[in-house]
Amino acid sequence: MTSQPDPQDNLKIIEQVLTQLPPARPQLVVLPEACLCFGAGDKRQRERAEVFGSGELQERLAKLARQHSIYLLAGTVPIIDGQSDDKFSAASLLYGPDGDCLARYNKIHLFDVDVADSTKEYRESAWTHPGQEIVTVATEFGVLGLAVCYDVRFPELFRALRAAGAEVIALPSAFTKVTGAAHWEVLTRARAIEQQCALVAGAQVGTHANGRETYGHALVIDGWGKVLSACDGQQSPCLSSASVDLSQLGDIRKNIPVAKHFASSKKVIHESSQSGH
Ligand SMILES: O=C(O)CNC(=O)[C@H](CS)NC(=O)CCC(=O)C(=O)O
């Protein structure tokens with residue numbers, strides 16, 4: 001998507017794209033980070049923020065999940081938890097086929113980064129509270145782990161998601177055009193390969209109202225690291241869709257038992273890093 005500041009415009013596009021879904025169920029749809037409100041400036045995003053569990057935007061998302069009988073992962077919706085400051089949580093919300101909200105993940109790693117583009121200084125923590133908890137959730141198709149965008153640069157989080165049982169990881173994103181061109185596919189495939197999980201990454205693409213440029217290339221990657229489907233980084237909106245065989249994870253995990261090997265090496269790694277060797 002090329003999400004704009006007004007949620008109504010973005011919802012129209014989401015509604016239209018969801019009419020093009022393939023018939024298979026169960027089905028997971030991963031919308032990009034900030035799918036409902038992007039490039040609005042911090043103040044306007046905060047104005048649109050809702051209290052968790054109530055509000056028009058959350059109702060619309062729940063209704064769409066129910067209407068299409070899908071698992072709908074709305075990449076980061078601005079959610080306020082009654083704090084008195086001006087910040088919100090960048091919350092990924094998962095709705096089930098019945099329209100129930102099944103999980104909420106608050107983005108842990110905030111993008112306080114300098115990039116050689118026209119925006120230059122990204123300071124997400126100026127308007128966002130960082131998340132404090134990792135989140136996995138059982139679904140009809142397997143255990144889903146949640147991460148967002150910049151989180152992909154922190155393999156420890158993905159290892160923790162795998163240890164918590166994740167088989168599929170959703171990664172709604174809004175990578176910058178510059179860092180995306182250099183790192184996006186390598187990082188997403190590496191996380192899938194390392195943790196032997198399928199990975200579904202939604203993406204923002206194009207030029208947004210505030211002039212920010214995002215990279216796009218939404219991806220579906222299987223647990224062997226193979227890209228099953230990808231958007232081309234030009235078209236918007238673009239639906240990238242694939243059928244993922246999670247039964248392959250059993251063999252991959254048995255043949256290359258990284259989780260077991262990590263468990264037995266953990267003590268060695270921990271002790272040598274403590275003693276500085
Ligand atoms: O603020 C919004 O409206 C939507 N959120 C974003 O665009 C976020 C925070 S600024 N972007 C990223 O995390 C980019 C990560 C990235 O590009 C990298 O790791 O290289």
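In what follows, the structure referred to is the one given above.
So, here's what we can say about the structure.

Conventions adopted
- Residues numbered from 1 in each chain as written.
- Predicted model: local features only at pLDDT ≥ 70, side-chain atom pairs only at ≥ 80, totals over all residues.
- Heavy atoms only, no water.
- Helix = DSSP H or I, 4+ residues; strand = E, 2+ residues; numbered from the N terminus.
- Polar contact = N/O pair within 3.5 Å; in protein donor to acceptor, adjacent residues only side chain to side chain.
- Near = heavy atom within 4 Å.
- Areas by Shrake-Rupley, 256 points an atom, 1.4 Å probe, with all protein chains shown as cover.
- 1 Å grid on protein atoms, 1.4 Å probe; cavity = no way out; pocket = protein on both sides within 12 Å on 5 of 7 lines; lining within 4 Å.
- Sits in = over half its atoms within 2 Å of the grid points.
- Nonpolar A, V, L, I, M, F, W, Y, C, P; charged D, E, K, R; others polar.
- Buried < 20%, exposed > 50% of the residue type's maximum accessible area, 1.4 Å probe, protein only.
- Pairing = 2+ DSSP bridges.
- Phe/Tyr/Trp six-rings, centres within 6.5 Å; stacked < 30°, edge-to-face > 60°.
- Lys NZ or Arg CZ within 6 Å of the ring centre and 35° of its normal.
- Points joined across faces, edges and corners; volume = space filled by probe spheres on them.

### Quick notes on the side chain of Thr176
- Relative to the assigned elements, Thr176 resides in the loop between strand 11 (168-170) and helix 5 (177-195).
- Of note is the side chain of Thr176, whose polar atom sits 2.5 Å from the side chain of Thr179.

### Some words on the site of the ligand
- Around the ligand lies a shell of 16 residues, among which Lys107, Arg153, Thr176, Thr179 and Arg212 are the nearest.
- Take Thr179: an N or O atom from its side chain is 2.7 Å from an oxygen atom of the ligand.
- Its free accessible area being 490 Å², the ligand has 97% of it covered by the protein chains.
- For the ligand, the cavity whose grid points lie within 2 Å of the majority of its atoms is the second largest pocket.
- Partitioned by chemical class, the residues of the shell around the ligand number eight nonpolar, three polar and five charged.

### Observations concerning the pairing of strand 9 (residues 136-139)
- Of the two faces of strand 9, the one lined by Val137 and Thr139 is fully buried and the one lined by Thr136 and Ala138 carries no buried residue.
- In terms of strand pairing, strand 9 meets strand 10 (residues 142-146) through four bridges, oriented antiparallel. Each residue of the ladder has a partner; that of Val137, found in strand 10, is Leu144.
- Here strand 9 hands over to strand 10 after two residues, the two strands then running antiparallel side by side.

### Remarks on the packing of aromatic side chains
- Per the stated rule, a full pass over the model turns up five aromatic pairs.
- Here Phe175 and Trp184 contribute two aromatic rings whose centre-to-centre distance is 5.1 Å and whose plane-to-plane angle is 55°, an arrangement assigned as tilted.
- For Phe175, a relative accessible area of 6% corresponds to the buried category.
- Between Arg104 and the ring centre of Phe52, over which it is positioned, the NZ or CZ distance is 5.0 Å.
- The ring centre of Phe262 lies 4.0 Å from the NZ or CZ of Arg159, which sits over that ring.

### As for the layout of surface pockets
- Of the voids in this model, the largest pocket is the one considered here, and its volume is about 780 Å³.
- Lining the largest pocket are 40 residues, and of these Leu28, Val29, Val200, Ser240 and Ser241 lie nearest its centre.
- Of all the secondary-structure elements, those providing two or more residues to the lining of the largest pocket are helix 1 (7-18), strand 1 (28-30), strand 12 (198-201) and strand 15 (219-221).
- Here the element with the most residues in the lining of the largest pocket is helix 1; it accounts for four residues.
- In the lining of the largest pocket, the residues fall into 31 nonpolar, nine polar and no charged.
- Of the volumes computed, that of the second largest pocket is approximately 480 Å³.
- Phe38, Gln45, Glu124, Trp127 and Arg212 are, among the 32 residues lining the second largest pocket, the residues nearest its centre.
- Listing elements by their share of the lining of the second largest pocket, those giving two or more residues are helix 2 (41-48), strand 3 (71-80), strand 4 (88-95) and strand 7 (121-123).
- Looking at the lining of the second largest pocket, its residues break down into 15 nonpolar, nine polar and eight charged.

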